Amino acid sequence: VSQTTGDLLQCAGVPKHRIRVIHNAVDPVDYDLMADGSEFRQECGVGSNDLLIGVIGRLSPEKGQHVFIRAFRDVAKAVPEAKAVLVGDGSERDKLKAAVSAMDLKDRVQFVGYRFPVSSIYAAVDLVVIPSLSEGLPFVLLEAMLHKKTVVTTAVGGIPEVMQGELAKLMVPPDDPGALAQAIIQALKDASYRSKLGDAGSRLVRDVYNPSRRAEKIYQLYSEMLNGRSGRVECLQA
């Protein structure tokens with residue numbers, strides 16, 4: 001799903017000629033892009049003047065929510081109207097809740113568990129943060145961009161392959177709460193900047209990371225194998 005994943009496979013001994021990169025894709029018809037997030041904001045006690053950050057994904061060590069919580073301590077000081085919701089569930093829930101309590105952030109950070117569908121969540125938040133320590137190519141990135149949300153993220157896995165140009169300015173090294181905090185603060189303090197990046201991200205996902213483009217690449221791969229140009233026809237006979 002990313003060139004980075006392909007490189008890892010190559011390092012593990014898979015021959016380069018047996019690797020093709022076919023990125024993940026999201027289909028706009030699968031989402032309610034006109035969803036209203038006001039009910040979710042009310043549920044979370046988020047006011048109209050508050051700035052809500054969404055961290056969406058399973059609560060697992062490699063997803064980096066513990067790094068986000070450390071970063072949010074600085075964000076909360078710099079941006080008094082900032083609040084955060086962690087959407088999802090997993091093995092790290094208790095540890096993360098303990099960290100929030102230890103940093104006296106319980107009134108600013110909420111855990112809302114697994115939610116579906118997700119469009120109302122994206123509609124409710126002002127910014128999406130992906131603090132992962134490792135990734136392939138996260139659907140949260142593509143979904144957030146499709147919903148015109150600015151994303152602050154770490155430069156792991158296939159994320160840098162998507163976050164090009166202006167979008168890359170809000171990409172930081174993994175496991176660096178200081179850099180993550182600064183990028184979040186920068187995005188929260190400039191609504192027009194968020195709107196600009198949100199529009200750019202949505203156009204990119206619609207043009208490049210769509211099901212039709214992905215299907216074309218899969219079709220090309222099968223055609224290549226059937227025509228024997230890759231020397232891998234034996235795979236179909238196994």
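Colleague: Where do I start with the sheet that holds strand β4 (residues 127–130) in this structure?
Modeller: Paired through their backbone hydrogen bonds, the strands of a sheet run either parallel or antiparallel. Read across the open sheet, the six strands follow the order β3-β2-β1-β4-β5-β6; overall the sheet is parallel. Looking at strand neighbours, the two that pair on one side only are β3 (109–113) and β6 (171–172), the edges of this open sheet. In this structure, strand β2 (residues 82–87) lies alongside β3, joined through four bridges in parallel fashion. Considered in β3, the bridge of V87 is made with G113. Across the sheet, helix α4 (residues 93–102) touches β2 and β3, and the angle it forms with β3 is around 160 degrees.

Colleague: Help me out: how do you make sense of the packing of aromatic side chains in this one?
Modeller: We describe a pair of aromatic rings using the distance from one ring centre to the other and the angle between the two ring planes. With the rule as written, the count across this model stands at one aromatic pair. Ring centres 5.7 Å apart and planes at 35 degrees place the aromatic pair F68 and F72 in the tilted group. With F68 and F72 both in helix α3 (residues 65–78) and four residues apart, this pair spans about one turn of that helix. Pair check on accessibility: F68 and F72 agree, each one buried.

Colleague: Can you walk me through the side chain of R194 in this structure?
Modeller: Tracing the backbone shows R194 in helix α9 (residues 191–208). Buried R194, no salt bridge; nearest opposite-charge side chain is D126, N-O distance 4.5 Å. Within the structure, the side chain of R194 is placed 2.9 Å from the backbone oxygen of A187, a separation counted as a polar contact. Residue contacts for R194: discarding those within four places in its chain leaves L51, D126, L127, T150, A187, L188 and K189.

What counts and how
Residues numbered from 1 in each chain as written. Predicted model: local features only at pLDDT ≥ 70, side-chain atom pairs only at ≥ 80, totals over all residues. Heavy atoms only, no water. Pairing = 2+ DSSP bridges. Helix = DSSP H or I, 4+ residues; strand = E, 2+ residues; numbered from the N terminus. Contact = heavy atoms within 4.5 Å. Axes fitted to C-alpha atoms, helices over the stretch in contact; angles between N-to-C directions. Phe/Tyr/Trp six-rings, centres within 6.5 Å; stacked < 30°, edge-to-face > 60°. Buried < 20%, exposed > 50% of the residue type's maximum accessible area, 1.4 Å probe, protein only. Lys, Arg positive; Asp, Glu negative; His and termini not counted. Salt bridge = Lys/Arg side-chain N within 4 Å of Asp/Glu carboxyl O. Polar contact = N/O pair within 3.5 Å; in protein donor to acceptor, adjacent residues only side chain to side chain.

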